[in-house]
Amino acid sequence: MLSVPSAKDFSKVGSCCTIAVSCISSLLLKPLCDNPHQTELSMRLDRIFLLWIGVLILAGLPALPQGSIPLVLAGGTVIDVTDWGHSAKDLQDAIVIVHDGRITDVGARADLPVPKGARVIDCTGKFIIPGLVDGFAGMNSQGEANADLYMGVTTVVASADDRRGQIDFAASPTPHLYLLDSVGSTDNWSLLIGHNGWTEKLREGPRPVELSPEDTLRQLVDTQKLGTKVLWLGHNLTAANTQWIIAHAHQMGLITYGEFVATPYQVGIESGVDALLHMSRYELGVIPDELQRPLVDDPEGPAATTAYDYSERLPATDPHLRNYARFIAAHHAALMPTFSLFYLSLPGHRNLWKEPAAALLDPARMFDPPDRVTGEMTYPLPAWTRHLPAISTRWMEESLRKKAEQSALRLWRINQTIFASYPHYLAATGAPVFGSMTGISMHTELEMMVRLGLSSREALAAATNNYSLQFGWNELGQIAVGRRADILVVDADPTVTVWNARRISTLVVDGNVLDRDALLNLKK
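Owing to the predicted nature of the structure, the values given are computational and were not obtained by experimental measurement.

Calculation rules
Throughout, a residue's number is its position along its own chain's written sequence, starting from 1. pLDDT decides what is reported in this predicted model: residues at 70 or higher carry local features, side-chain atom pairs at 80 or more are listed and counted, and totals for whole chains, interfaces and linings draw on all residues regardless. With hydrogens and water stripped out, all remaining heavy atoms of the structure feed into the side-chain values. Among buried residues, those of type Ala, Val, Leu, Ile, Met, Phe, Trp, Tyr and Cys that are joined through side-chain atoms within 4.5 Å constitute a nonpolar core. Summary of the burial criterion: residues with accessible area below 20% of their type's maximum are buried, those above 50% are exposed, and those between are partly exposed, where the area comes from a 1.4 Å probe applied to protein chains only. Salt bridge, as applied in this entry: a Lys or Arg side-chain nitrogen positioned within 4 Å of an Asp or Glu carboxyl oxygen. Secondary structure is summarised from DSSP: a helix means a run of H or I of at least four residues, a strand means a run of E of at least two, and numbering begins at the N terminus for each. For each structure, a 1 Å grid was placed over the protein atoms alone; sets of points admitting a 1.4 Å probe that cannot get out are labelled cavities, open sets with protein on both sides within 12 Å along at least five of seven lines are labelled pockets, and lining residues have an atom within 4 Å of a point. Grid points are joined across faces, edges and corners, and a volume is the space filled by probe spheres set on the points. A strand pair is defined by DSSP finding two or more bridges across the two strands. The axes used here are C-alpha line fits, helices contributing only the stretch in contact, and every angle between their N-to-C directions lies in the interval 0 to 180 degrees. Any angle that falls under 35 degrees is termed roughly parallel, while one over 145 is termed roughly antiparallel, one within 65 to 115 roughly perpendicular, and all others oblique. Working rule for contacts: check all heavy atoms of both residues, and any pair within 4.5 Å makes them a contact. Residues were grouped as follows: Ala, Val, Leu, Ile, Met, Phe, Trp, Tyr, Cys and Pro as nonpolar; Asp, Glu, Lys and Arg as charged; and all remaining residues, including Gly, as polar. Classification of ring pairs uses Phe, Tyr and Trp, with its six-membered ring standing for Trp, and accepts pairs whose centres are within 6.5 Å; under 30 degrees between planes counts as stacked, over 60 as edge-to-face, and the remaining range as tilted. Remark: a charge is flagged as sitting over a ring if the NZ atom of Lys or the CZ atom of Arg is within 6 Å of the ring centre and within 35 degrees of the ring normal.

> Before we go on, may I ask you to explain the nonpolar core in this structure?
Across soluble globular proteins, you tend to see nonpolar side chains buried next to one another. If you look at the biggest cluster of nonpolar residues, it comprises 95 residues, and the most contacted ones within it are Leu276, Tyr324 and Tyr425. Listed in part, the 18 residues of the second largest apolar core include Val157, Ile255, Ala275 and Phe471.

> Got a minute to help me understand the pattern of salt bridges in this structure?
Oppositely charged side chains may form a pair once their charged atoms are brought near each other. Applying the stated criterion across every chain, the model contains 15 salt bridges. Here aspartate 161 makes a salt bridge to arginine 164, at a shortest N to O gap of 3.0 Å. Residue class for aspartate 161 comes out buried when judged on its relative accessible area of 13%. Taking relative accessible area as the criterion, arginine 164 reaches 6% and is therefore assigned buried. For glutamate 398, the salt bridge goes to arginine 401, with nearest N and O atoms at 3.8 Å. With glutamate 398 and arginine 401 both in helix α11 (residues 390-419), this residue pair falls 3 residues apart, about one helical turn. Connected through shared salt-bridge partners, Arg350, Glu355, Glu447 and Arg502 make up one network.

> I tried to follow the layout of surface pockets on my own but got confused; where do I start?
Empty space among the atoms becomes apparent when a probe as large as a water molecule is rolled across them. If you add up the space inside the second largest pocket, you get close to 270 Å³. For the second largest pocket, the lining is made up of 13 residues, of which Gln266, Gly285, Val286, Ile287 and Tyr324 are closest to its centre. Elements supplying a minimum of two residues to the lining of the second largest pocket: α7 (265-270), α8 (289-292) and α10 (319-329). With 4 residues, the single largest contributor to the lining of the second largest pocket is α10.

> I would appreciate a short explanation of the sheet that holds strand β7 (residues 153-158) in the present structure.
Neighbouring strands of a sheet are bound in pairs by backbone hydrogen bonds; such pairs are parallel or else antiparallel. Here 7 strands make up an open sheet; going across it, the order is β6-β7-β8-β9-β10-β11-β12 and the pairing parallel. Each end of this open sheet is capped by a strand with a single partner; those strands are β6 (132-137) and β12 (334-336). The sheet shows a mean angle of 25° between the axes of neighbouring strands, direction not considered. The sheet contact formed by strand β9 (residues 228-233) and strand β10 (residues 255-258) spans 4 bridges and is parallel. Bridging across to β10, leucine 231 finds its partner in threonine 256.

> Would you explain the packing of helix α9 (residues 302-313) against α11 in this entry?
How two helices sit against one another is set out by the angle between their axes and by the gap between those axes. Direction vectors running N to C along α9 and α11 enclose 60°, while the axes themselves pass 8 Å from each other. The orientation of α9 with respect to α11, classified from their angle, is oblique. Counting all contacts with α9, which are made through Ser311, Glu312 and Arg313, the residues of α11 involved are Ser407, Arg410, Leu411 and Ile414. Its residues assigned to classes, the contact of α9 with α11 shows 2 nonpolar, 2 polar and 3 charged.

> It is not clear to me how the packing of aromatic side chains should be interpreted in this structure. Could you clarify?
Working definition: an aromatic ring pair is given by the centre-to-centre distance plus the angle between the planes. Per the stated rule, a full pass over the model turns up 10 aromatic pairs. On the numbers, 6.0 Å between centres and 40° between planes, the contact of tyrosine 257 with phenylalanine 471 is tilted. Of this pair, tyrosine 257 sits in strand β10 while phenylalanine 471 sits in helix α14 (residues 466-471), and the two are 214 residues apart along the sequence. Overall, the relative accessible area of 0% leaves tyrosine 257 in the buried class. An angle of 10° between the planes, with centres 6.1 Å apart, marks the rings of tyrosine 467 and tryptophan 473 as stacked. Judged by relative accessible area, tryptophan 473 falls into the buried class, the value being 6%. Among the aromatic residues, those joined into a cluster by ring pairs are Tyr178, Tyr257, Tyr467, Phe471 and Trp473. Lying across the ring of tryptophan 198, arginine 218 places its NZ or CZ 4.2 Å from the centre. One Lys or Arg, lysine 229, reaches over the ring of tyrosine 178 and ends 4.8 Å from the middle of that ring.

> What am I meant to see in the pairing of strand β1 (residues 71-78) here?
Most of β1 sits inside the fold, with 8 of its 8 residues counted as buried. In the sheet, β1 pairs with strand β4 (residues 119-122) via 4 bridges, with the strands oriented parallel. Bridged to leucine 73 within β4 is isoleucine 121.

Below, the structure is given as structure tokens:
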């Protein structure tokens, strides 16, 4: 990328020019001799000498690259997503100046002149918002990268696991990838597999096993060297290790996601975990001690099934649930519900395969994709059922569907109770799992947040600047000076209805305007 000369470069130029002027002055001020022929010869030699001085000076200067052409978004309304979406200081008729991948100026058109020679995009009547952040998803192919970008997702916290596959680091173009890795436990999908002798140490047996504190500390250091930004604290981590990991992670500037089972949620929250992942998981915070204790030895088996069933069937009016909701809201942890994983099991859903970006997605790279024709979830039956009459298998499939829908609705009602205490929210899809679709499901996530009770502005903040506030990721999330130039220009006001966030007319990633329609033409 072309860059603008720094102040230091210009300082060097000035110093060298000063030297040159001094040399020239000393030569020009030399007294001429009386002999005209000797004077002419002396002047010729002086000119040659000056030429050589100039060559030597210029040879010592740093190359001054030609700066890239500034990009200007002119006349649109910059949407305010600060203060968790509670501020509404939108800037109308704005000028947004982008240079070398960063936002360099934002102001009213009346106050901020457009730089000469800039590329200007007329945004009159349109709305300017930051690129969206998917806080937990896979990114396993170029098709998924294109789908994310097409839908305005410019940053993904990318997970490699048995449901989402490996991360495609070769994809181009691609959203910014913020890497997530597991910590403190064996994991066949860890980013450290294949690095520094970790493969054997992290290889899982019949079930994951916790690492020693010494190995966990080395794991933290090594995964951070790979570029990991987020740590996943998984099901089998016990309370003492969870507390230790959160404390050390924060000292290192790493973010922690809690998906606890063996660790009581109260312990993880009080320890300062940054985000609680998944509706259907963080409701375990309401289970009594007699159901929590067995989870230390059985975080995936019958004890866990009993705990989940208890938490899901707790009445939404239960005082324990209301107390838990207030406890979450009073602490640092934000909720990352990934409602999109339940979208197709809740009322009011639509066929996501009809979205243009869905053509980019390969069902073979998705875990439990919806039916290509109906868009509904499928519920495969055991092999032995193929010998049953068709009416019996249809009844069994319908029973599984109703069970899934009832479960999702119970969890949704519990989350309505939790919302009443106003915790902070972060938008994430969990795609491409359980019917969710890369890129597309970011907008269903925003719709579900509004359905839960957030305003459209608050939902939009959950996918943008809330990540700055909660994680300290101040390079993204706002249309503000110094932020990375990941920008969406949309045709209608997304604070009136969050649906308008998908009406993208201009897509800017890292300061570059991408041809959004071309993203739909995936190169084979």
